[in-house]
Amino acid sequence: TFYHLMLSYRVRTEIDITESLYKKTQNSITPAGNRCAVYLDRQCLLDGKDWRQGFSEGLMSSLVFIPVISEGFLAPLAGIDVQPSAPNVGKPRLVGSDADQQDNVLYEQLLALALVDKKTDRLPGDKCVMQEIFPILAGQRLEDGTLSNFFADGNNATESGGGKYPTTGSPATTEGVSKFLA
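Bear in mind that the values here come from a model prediction, so they are computed numbers and not experimental data.

Turning our attention to the side chain of Arg10. Locating Arg10 in the fold gives a position in the loop between strand E1 (3-8) and helix H1 (11-25). A relative accessible area of 9% places Arg10 in the buried class. If near-sequence neighbours (up to four positions away) are discounted, Arg10 is found in contact with Ile15, Gly72, Phe73, Pro76, Asp103 and Val105.

As structure tokens, this is what we get:
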């Protein structure tokens, strides 16, 4: 299956904006008259199929990768809780060490970066069609349903009690991407 877009998000904090983006783009018509096909895991992952394989195949089959980046995406990287009522239970801070768990959102982003970096090396018939990455920066969801200013919220994570962001992904995350690309 071919997709024009793949949407990537952290379920805990970006599901609303991502589903809204999916509804607005899925089946919309391009200026050339083509129907837009959008990969959203909740809609495209098949029951019983390995979800990591599904994400990876979705990335390879998508022309453009759109990660939704917010304070919620950054929280595990900085060790902060963006929703005190729903803390990062079972999600310890990612610091780039061997003890870190694999992070699915970071996995998708690292794989997308690797696929775009290799786009000039592709041979005719290559299954990968990934061409570009266009991130969306989303602020925090406010009580009235609107989004706050990402640059006012997301940029101050380290000043609001979090730590310094790690300079590398965890070995588990990086190894997962390497295994898929091998």
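Past the structure itself, the notes keep going.
Here we come to the pattern of salt bridges. A complete count under the given rule lists 4 salt bridges for this structure. The salt bridge involving Glu132 is made with Lys119; its shortest N-O contact spans 3.1 Å. Note that Glu132 is positioned in strand E4 (residues 132-133) and Lys119 in the loop between helix H5 (104-117) and E4, a separation of 13 residues in sequence. Overall, Glu132 belongs to the partly exposed group, its relative accessible area being 34%.

This paragraph deals with the environment of Ser148. Note on placement: Ser148 falls in the loop between strand E5 (136-137) and helix H6 (150-153). Note: C-alpha distance between Ser148 and Ala138 (10 residues apart in sequence) is 7.7 Å.

To continue, consider the packing of aromatic side chains. Going through the model one piece at a time under the given rule, you end up with 2 aromatic pairs. Arranged with centres 5.7 Å apart and planes meeting at 65 degrees, the rings of Trp51 and Phe55 form a pair that is edge-to-face. Here Trp51 pairs with Phe55, and both are found in helix H3 (residues 51-60), just 4 residues apart, close to one helical turn. A relative accessible area of 6% means that Phe55 is categorised as buried.

Relative to the 20 Å expected for 14 residues at 1.5 Å per residue, H5 spans 20 Å between its end C-alpha atoms, a close match to the ideal helical length. Counting buried positions along H5 yields 10 of 14 residues, so the element is predominantly enclosed. Taken residue by residue, H5 has Val105, Leu106, Tyr107, Glu108, Gln109, Leu111, Ala112, Ala114, Leu115 and Val116 as its buried positions.

Another point: the packing of H5 against helix H7 (residues 171-181). Where H5 contacts H7, the axes come no closer than 9 Å and their chain directions differ by 45 degrees. Our classification of the angle between H5 and H7 gives oblique. Of the two elements, H5 crosses H7, and the hand of that crossing is right-handed. Across from Leu106, Tyr107, Leu110, Leu111, Ala114 and Leu115 in H5, the residues of H7 making contact are Thr173, Thr174, Gly176, Val177, Phe180 and Leu181. Taken together, the residues of the contact of H5 with H7 sort by class into 9 nonpolar, 3 polar and no charged.

What follows deals with H7. Listed as buried for H7 are Thr173, Gly176 and Val177. With its buried residues spanning 95 degrees around the axis, H7 presents them on a single face. As for H7, its buried residues are in contact with H5.

A separate point is the nonpolar core. Grouped together as the largest cluster of nonpolar side chains are 17 residues, with contacts concentrated most on Tyr39, Leu59, Phe65, Leu111, Leu115 and Met130. In this structure Leu111 touches Ser56, Leu59, Val177, Phe180 and Leu181, once residues within four positions along its chain are discounted. Counting 12 residues, the second largest nonpolar core, distinct from the first, contains Leu7, Tyr9, Ile15 and Val38.

Looking now at the environment of Cys36. When you line up the elements, Cys36 lands in the loop between H1 and strand E2 (38-39). According to the relative accessible area criterion, Cys36 is buried, its value standing at 8%. When the C-alpha atoms of Cys36 and Leu5 are compared, they prove to be 8.0 Å apart, with 31 residues separating the residues in sequence. Look past the residues within four positions of Cys36 in its chain and what remains in contact with it is His4, Leu5, Thr25, Gln26, Asn27 and Ser28.

How each quantity is defined
Residues numbered from 1 in each chain as written. Predicted model: local features only at pLDDT ≥ 70, side-chain atom pairs only at ≥ 80, totals over all residues. Heavy atoms only, no water. Helix = DSSP H or I, 4+ residues; strand = E, 2+ residues; numbered from the N terminus. Buried < 20%, exposed > 50% of the residue type's maximum accessible area, 1.4 Å probe, protein only. Contact = heavy atoms within 4.5 Å. Salt bridge = Lys/Arg side-chain N within 4 Å of Asp/Glu carboxyl O. Phe/Tyr/Trp six-rings, centres within 6.5 Å; stacked < 30°, edge-to-face > 60°. Expected span 1.5 Å × (residues − 1). Axes fitted to C-alpha atoms, helices over the stretch in contact; angles between N-to-C directions. Parallel < 35°, antiparallel > 145°, perpendicular 65-115°, else oblique. Left-handed = near helix turned anticlockwise from the far one by under 90°. Nonpolar A, V, L, I, M, F, W, Y, C, P; charged D, E, K, R; others polar. Arc of directions from axis to C-beta. Core = buried A, V, L, I, M, F, W, Y, C linked by side-chain atoms within 4.5 Å.

Note that every value here comes from positions in space, so none of it alone points to a role or purpose.
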